[in-house]
Amino acid sequence: MYLYNSATHKKEEFKTHTPGRVEMYTCGPTVYHFAHIGNLRSYIMEDVLEKFLRWTGYDVHRVMNITDVGHLTSDADEGEDKMLKGAKREHKTVMEIAQFYTDAFFEDCRRLNIKTPDVVQPATGCIDEYIKIVSKLMDTGYAYFAGGNVYFDTSKLGRYYVFNDHDEEDLAVGVREGVEEDPNKRNKNDFVLWFTKSKFEDQALKWDSPWGVGYPGWHIECSGISLKYNGEYLDLHCGGVDNAFPHHTNEIAQSESYLGHPWCPQWFHVHHLNTSDGKMSKSKGEFLTVSLLEQKGYDPLAYRYFCLQSHYRKALVFTWENLDNAAAAYTKLIARIAALDPADGPVDQEAMKPYREKFGQQMGNDLNTSMGVTALFDVLKAKTNDATKLALIGDFDSVLSLGLLEKAAAKRAELERKYPTNGSTQVPAAAAAAYKKASQEEEEKMQALRKQLQEKKDKRLATTNARLEKENAKLQAKFDTVSRQLQAASQQHEDAFGEGDILSVRDLKMYFSGIKAVDGLSFNIKQGEIFGLIGPNGAGKTTVFNCITQFYKPTAGEVLYRDRYDNVVPLTTYKTTEVIKAGISRTFQNL
């Protein structure tokens, strides 16, 4: 299996510290409000990853935290505590808020077929672990006490930025605009490990510590919980891409400084769910929840299907139209599965092997869920019996978790009520005919769409071809004109040469500052003839020679010569060597 590793920025073969076992950690929710469907996209993809690892044979031990303390609104060390904010909003205690929204989160997960991790640990349950880690970091010089808080000293690290290369000046204060600089920090990117009462006097949850009554920073909780339940060697850490910095960056810093050795080699980050206004976020006010989708008539698993159609490392754009399309495709998929006859068997294990192998290869290529969904349709088209198809669909759906067999069975039960079959498992003929008609109509729609797309493509191609043909016609006309001109000139040149002529000087004129150095000189030279220039010094013999050999550009006239290919062409400076080879310079030297 190959996964993209956010820490190395490349796709790598997945390996574990203990062969056959995966220690997996997932950043859980901060339970101060409902999770929006953008948050839940990350948990859906992490759920598929866990289930695929199990499908391939790994023993997976997955741990997830529940943040019920210490998460500030800046995601760093500034702003209001999110749990306290939720408590004030609803006039409840922090623990009441935490319990209510924890239950709501897992109810959303249930409706989306997201498996509950093996360990779910609220942050408030591991205070002793955090104090132990912070104490060792203080003892080893990785942390310092200032202004009532304990900070991690990032200057002690050889490399702080793991997931991206940053300029320190770009992160001079924090991770959000409008964040005030903490004067207690020695370095710009130091972060709080433990807050005391000096930070927030109205903090609801506080514990005794060696540094005073206070509470842990957000980043320390994931390190503490993972070290407690996953051990010193974590194989796979998951979360949303917005957690890469500063949260996961700080986790690595404090965990490896505490342990003294590398902690987690593989990092899996899921990208955002965007709307037309950008990233979906609770801070923007209104946001979409699973409950809202249900109120609008959508099956939550249709949203899961929508998410699986896109790769986890690509931002997914949510629109109601996109969700409608996914919901329609999901409904039709269930209808096609419901039309299969479970009694049409037995299951052919040999026929299943190539499909399972292909599914494993596709999903094992950086968790390509869209190809995993495509594998379901490949099964439906397979030339095997229905029992084998249903077995394959159930096998693949143990990873995709779209509830396909359960939904199909419910559809069959519905059809049984409408079209009694006296206990037979075969789909009634009327229902089968209805499904066949629906499939034909869908295929006709797809063919019409393909035809429409092809027509548009052909139209664009025809327009392009017409434009190119027009441009080619213009170029051909220019080429023909130039060719005729060259042919005429060439004929004139040929006419100027007699038999055996090698050089022709025609009406050569050369003026210097208005003085006629050469005026209307014309003659032909045959191979072997001697051309003589006689006159006193300063009479212009050299000028005439340079005009003839084109070292001087004449004012008018031309010099033609017959090249080695027996073509009559104008003499230019760069052709002088060729002229010399033709013997003309020897003619002049004989003067």
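Residues numbered from 1 in each chain as written. Predicted model: local features only at pLDDT ≥ 70, side-chain atom pairs only at ≥ 80, totals over all residues. Heavy atoms only, no water.

> How should I be thinking about the overall build of the protein chain in this particular structure?
Of regular secondary structure, the protein chain possesses 17 helices and 18 strands. Contacts in the protein chain between residues far apart in sequence, at least 24 positions, make up 72% of those at least 6 positions apart. Counting every atom, the protein chain has about 29700 Å² of accessible surface; 51% of that belongs to carbon and sulfur. (Helix = DSSP H or I, 4+ residues; strand = E, 2+ residues; numbered from the N terminus. Contact = heavy atoms within 4.5 Å. Areas by Shrake-Rupley, 256 points an atom, 1.4 Å probe, with all protein chains shown as cover.)

> It is not clear to me how the pattern of salt bridges should be interpreted in this structure. Could you clarify?
Pairs can form between side chains of opposite charge once their charged atoms are near each other. One pass over the structure, following the stated rule, counts 23 salt bridges. One salt bridge in this structure joins Asp108 and Arg111, with 2.6 Å as the shortest N-O distance. Here Asp108 pairs with Arg111, and both are found in helix α3 (residues 94-111), just three residues apart, close to one helical turn. Note on accessibility: Asp108 and Arg111 belong to one class, buried. Of the charged contacts, one joins Asp118 and Lys115 as a salt bridge, the two residues approaching to 3.8 Å between their closest N and O atoms. Owing to a relative accessible area of 40%, Asp118 belongs among the partly exposed residues under this scheme. Here the salt bridges do not stand alone but share partners, grouping Glu46, Glu50, Arg54, Arg62, Lys115 and Asp118 into one network. (Salt bridge = Lys/Arg side-chain N within 4 Å of Asp/Glu carboxyl O. Buried < 20%, exposed > 50% of the residue type's maximum accessible area, 1.4 Å probe, protein only.)

> What is the right way to look at the pairing of strand β5 (residues 119-122) in this model?
Looking down a regular strand, the side chains alternate between one sheet face and the other. Only one face of β5 is buried: it carries Val119 and Gln121, and the other face, with Val120 and Pro122, is open. Bridge count between strand β4 (residues 59-66) and β5: four bridges; the pairing is parallel. Note that in β5 the partner of Asn65 across the bridge is Gln121. (Pairing = 2+ DSSP bridges.)

> Would you explain the packing of aromatic side chains in this entry?
One pair of aromatic rings is described through two measures. These are the centre distance and the angle between the planes. Applying the stated criterion across every chain yields a total of 25 aromatic pairs. Between the aromatic rings of Phe34 and Phe100, the centroid separation amounts to 6.0 Å while the plane-to-plane angle is 70°, which identifies the pairing as edge-to-face. Of the two residues, Phe34 sits in the loop between β3 (21-26) and α1 (37-55) while Phe100 sits in helix α3, which places them 66 residues apart along the sequence. Residue classification places Phe34 among the partly exposed residues on the basis of a relative accessible area of 31%. Ring plane angle 15° and centroid distance 5.1 Å describe the contact between Phe152 and Phe191, whose orientation is recorded as stacked. A residue pair is termed long-range when its members are at least 10 positions apart, and Phe152 in strand β7 (residues 149-152) and Phe191 in strand β8 (residues 191-196) qualify at 39 residues. Look at Phe152 and you get buried, because its relative accessible area is 0%. Residue classification places Phe191 among the buried positions, given a relative accessible area of 2%. Its guanidinium or amino end placed over the ring of Tyr144, Arg186 lies 4.0 Å from that ring's centre, counting from NZ or CZ. The aromatic ring of Trp320 is capped on one face by Lys296, whose charged end is 5.1 Å from the ring centroid. (Phe/Tyr/Trp six-rings, centres within 6.5 Å; stacked < 30°, edge-to-face > 60°. Lys NZ or Arg CZ within 6 Å of the ring centre and 35° of its normal.)

> Mind showing me how you'd approach the pairing of strand β6 (residues 143-146) here?
Bridge count for β6 against β7 is four bridges, and the pairing is antiparallel. Counterpart to Phe145 in the pairing with β7 is Val150. Hairpin geometry of β6 and β7 is characterised by an intervening segment of two residues between the two adjacent antiparallel strands and by a positive phi of about 60° at Gly147.

> It is not clear to me how the confidence of the model for the protein chain should be interpreted in this structure. Could you clarify?
A low pLDDT means the predicted coordinates there should not be read in detail. Per-chain confidence: the protein chain averages 83 in pLDDT, with 79% of residues scoring 70 or above. In this model, residues 73-77 is a region of pLDDT below 50 whose contacts with residues beyond four sequence positions or in other chains number 23 contacts. The low-confidence segment residues 573-591 (pLDDT under 50) makes 30 contacts with residues lying over four places distant or belonging to another chain. (pLDDT = per-residue confidence, 0-100.)

> Looking at this model, I keep getting lost on the packing of helix α9 (residues 320-338) against helix α13 (residues 404-418). Mind explaining?
Geometrically, a packed helix pair is captured by the angle between its two axes and the distance between the axes. At a minimum axis distance of 8 Å, the contact between α9 and α13 shows a crossing angle of 70°. Taken as axis vectors, α9 and α13 run roughly perpendicular relative to one another. In the crossing of α9 with α13, the sense of the turn from one axis to the other is right-handed. Contacts between α9 and α13 involve Tyr330, Leu333, Ile334, Ile337 and Ala338 from the former and Leu404, Leu405, Lys407, Ala408, Lys411 and Arg412 from the latter. (Axes fitted to C-alpha atoms, helices over the stretch in contact; angles between N-to-C directions. Parallel < 35°, antiparallel > 145°, perpendicular 65-115°, else oblique. Left-handed = near helix turned anticlockwise from the far one by under 90°.)

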